[in-house]
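# Fold and contact review
The lines below spell out each chain.
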Amino acid sequence: MPYLSKIALNPRRRAAVSLLSSPHRLHAAILAGLAVQPVTERVLWRLESNTSHRSEVLVLTESRPSWAHLVDDSGWPGADGGEPLIADYTPLLERIARGREFGFRLTANPVQSVPRPTRPSEQQAARLKEGADHGSRARGFRVAQRTVAQQLEWLLKRSERHGFTIPDVTATPPGPGLHTPGAKDLELTAGPAVAVVSRDILRFTKRKDGPRVTLSTATFEGRLRVTDPDALRSALLGGIGPAKGYGQGLLTLAPLRTAEDAGRG
């Protein structure tokens, strides 16, 4: 039975600062919340908010976790709003049906595979040299998609295989009396109902003397329509894209409000 957790961390505590500065350390702390060790189940997580006053981490696990160690060391033990929230994820999975639409949020590491990077890093250059020395061809290299257009294209190309499409939205025409001169010459264009709401570049090391890891990340928000319920459930439980151990790939859904719901509100 999968569980979705939300854990609040206090960025003003030293232990929290250490975790929030390194996805590698935060991942290890999250795995420590599972009783069965070593951890063999898929664990997805995402840093949902990170301010000077409060940080929140979403975690999806296959078994029920305990976050007492994170709260005691890095949170607000005993305080109102300091307790982690742990919810059964099954009801959300059961609501997925073909044709249904949801709001979604995804933080991912958009990359593409190329035979030779334009500007190879130190590690990539070493791989290329090793391949040349041995007369073998190096495997493809993962290169970050850095522009917003590239990142959106990366998601759109993968949506169908993960059981959903992103519907188009159209520009809303101006109301009566609000038509501006020349506006009749402008065409109302459609586009996918998704936007990149934030981007970041994460740099960290797995160990003190180890090579630096660099990840280019993008957070997407938008609306999706279910085309294959089983494939979408797999994407929710298994994640999308690489670097899942470093807080990438967790797709979360939110039911959309209907016109009937808005009328009740």
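The shown structure was predicted, so the numbers you read here are calculated from the model rather than taken from an experiment.

Looking only at helices and strands, one finds eight helices and 13 strands in the chain. With 265 residues in all, the chain has 40% of them scored as buried. Taking as baseline every contact in the chain between residues at least 6 positions apart, the subset at least 24 positions apart corresponds to 73%.

Core analysis: the biggest nonpolar cluster contains 29 residues, and Phe104, Leu155, Phe220, Leu232, Leu236, Leu251 and Leu253 have the highest contact counts within it. Where this core is concerned, the elements lending two or more residues are strand S3 (55-61), helix H4 (90-94), strand S5 (101-108), helix H6 (148-159), strand S11 (194-205), strand S12 (212-226), helix H7 (229-238) and strand S13 (251-255). Those residues in contact with leucine 236 that lie beyond four places of it in its chain are Leu44, Leu60, Tyr89, Leu92, Leu93, Ile96, Leu251 and Leu253. Ranked by size, the runner-up nonpolar core spans 14 residues in total, among them Leu26, Ala29, Ile30 and Leu34.

Let us now look at the pairing of strand S2 (residues 44-50). Strand direction decides the pairing type here: S2 and S3, joined by six bridges, are antiparallel. Paired with leucine 47 across the bridge in S3 is valine 57.

On to the pattern of salt bridges, then. This model, assessed by the stated rule, comprises nine salt bridges. Among the salt bridges present, the one from aspartate 230 reaches arginine 233, with a minimum N-O distance of 3.0 Å. With aspartate 230 and arginine 233 both in helix H7 and three residues apart, this pair spans about one turn of that helix. Residues joined in a network through salt bridges with shared partners are Arg46, Glu48, Arg105 and Glu221.

Rules and cut-offs
- Residues numbered from 1 in each chain as written.
- Predicted model: local features only at pLDDT ≥ 70, side-chain atom pairs only at ≥ 80, totals over all residues.
- Heavy atoms only, no water.
- Helix = DSSP H or I, 4+ residues; strand = E, 2+ residues; numbered from the N terminus.
- Buried < 20%, exposed > 50% of the residue type's maximum accessible area, 1.4 Å probe, protein only.
- Contact = heavy atoms within 4.5 Å.
- Core = buried A, V, L, I, M, F, W, Y, C linked by side-chain atoms within 4.5 Å.
- Pairing = 2+ DSSP bridges.
- Salt bridge = Lys/Arg side-chain N within 4 Å of Asp/Glu carboxyl O.

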